[in-house]
Structure formats: C-alpha cells, structure tokens
Amino acid sequence: MDKVLKHIGAIRSIKFFPNDLALFQYLGTTDEYPDLITLDLHLPLKGGLQILKSLKKDLRWKNIPVMMTCNEASQFEILACYKAGAESFLVESILF
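From a predicted model like this one, the values you see are computed outputs, not experimental measurements. Residue numbers here run from 1 along each chain, matching the order of that chain's written sequence. Only residues with pLDDT of at least 70 are given local features in this predicted model, and only at 80 or more are side-chain atom pairs given and counted; all residues enter the totals for whole chains, interfaces and linings. To obtain the side-chain values, all non-hydrogen atoms of the structure were used and water was disregarded.

(A) Here's a closer look at the environment of D35. For the purposes of this entry, the term helix denotes a DSSP run of H or I that reaches at least four residues, the term strand denotes a run of E that reaches at least two, and both are numbered from the N terminus. Relative to the elements of secondary structure, D35 occurs in the loop between α2 (20-28) and β1 (37-40). Burial here depends on accessible area, computed with a 1.4 Å probe over protein chains only, as a share of the maximum for the residue type. Under 20% is buried, over 50% is exposed, and the range in between is partly exposed. By relative accessible area, which is 34% here, D35 ends up partly exposed.

(B) Highlighting the packing of aromatic side chains. When the centres of two rings from Phe, Tyr and Trp lie within 6.5 Å, Trp using its six-membered ring, the rings pair. Their planes under 30 degrees apart give stacked, over 60 give edge-to-face, and anything left gives tilted. Overall, the coordinates contain two aromatic pairs when judged by the stated rule. Ring centres 5.3 Å apart and planes at 40° place the aromatic pair F17 and Y26 in the tilted group.

(C) Examining the pairing of strand β3 (residues 88-91) more closely. Any two strands with at least two DSSP-identified bridges between them are counted as paired. The pairing of strand β2 (residues 66-70) with β3 spans four bridges and is parallel. Opposite M68, over in β3, you have F89 as the bridge partner. By the criterion used throughout, a crossover qualifies as right-handed when its path from the first strand across the helix to the second strand runs clockwise, the strands pointing away from the viewer. At this point the chain moves from β2, through helix α4 (residues 75-84), to the parallel β3, and the crossover so formed is right-handed.

(D) Molecular detail of the nonpolar core. Side-chain atoms within 4.5 Å link the members of a nonpolar core, which is a set of buried Ala, Val, Leu, Ile, Met, Phe, Trp, Tyr and Cys residues. The biggest cluster of nonpolar side chains holds 20 residues, and the ones touching the most others in it are L27, L39, L52, L55, M68 and C81. For this core, the secondary-structure elements that each account for two or more residues are α2, β1, α3 (48-57), β2 and α4. For this core, the element with the highest residue contribution is α3, accounting for four residues.

See below:
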C-alpha cells in the first residue's frame, strides 16, 4: 500500500513509528504534518482506535486524514473508527 501511494503521488514521503509515543513526539515537534496517517486497529498497548481518538481531539492534528487498517475487524469496530473520525477503513487480505 505504501509503495502504491508513493507511486501515484498521493504522498511525498513515508515515516514509520514503533508506537504511539513516538508518533505523538514527532507530531509535537514538527510544523510539517503528514498528508495521511495509517493506523492498525489492533496495535499493542494503546490500540489504533484510542490513538485515532487522541489525534482527533487535538486541534493541531484534527484535520490530518487517518486511514485505519486491520486484517480482521467486526462491523462494530469499523463503525467505531468512522465515528471517531477515520476517513477510511481498509480490511487487509492475508492471501499468499
């Protein structure tokens, strides 16, 4: 997905963060916010939904589009993400 978004020019660069603390530290120290944030719904420790809610509560980051991803999610979880402010939800297929 990352390669496709870069190839079509939808995003300039990609940064990966090992956890929510690193993401919020980065956002708190830069004036150039990302064009898009992708979050996995089932992240360890603080889940993706909680991180999404934190992003959308902060006026500085509220308008950054967030795409949620997950390889398995219930309709309830997907709706909760949209209600919390996600712009889209991608259910990833695990086919080899």
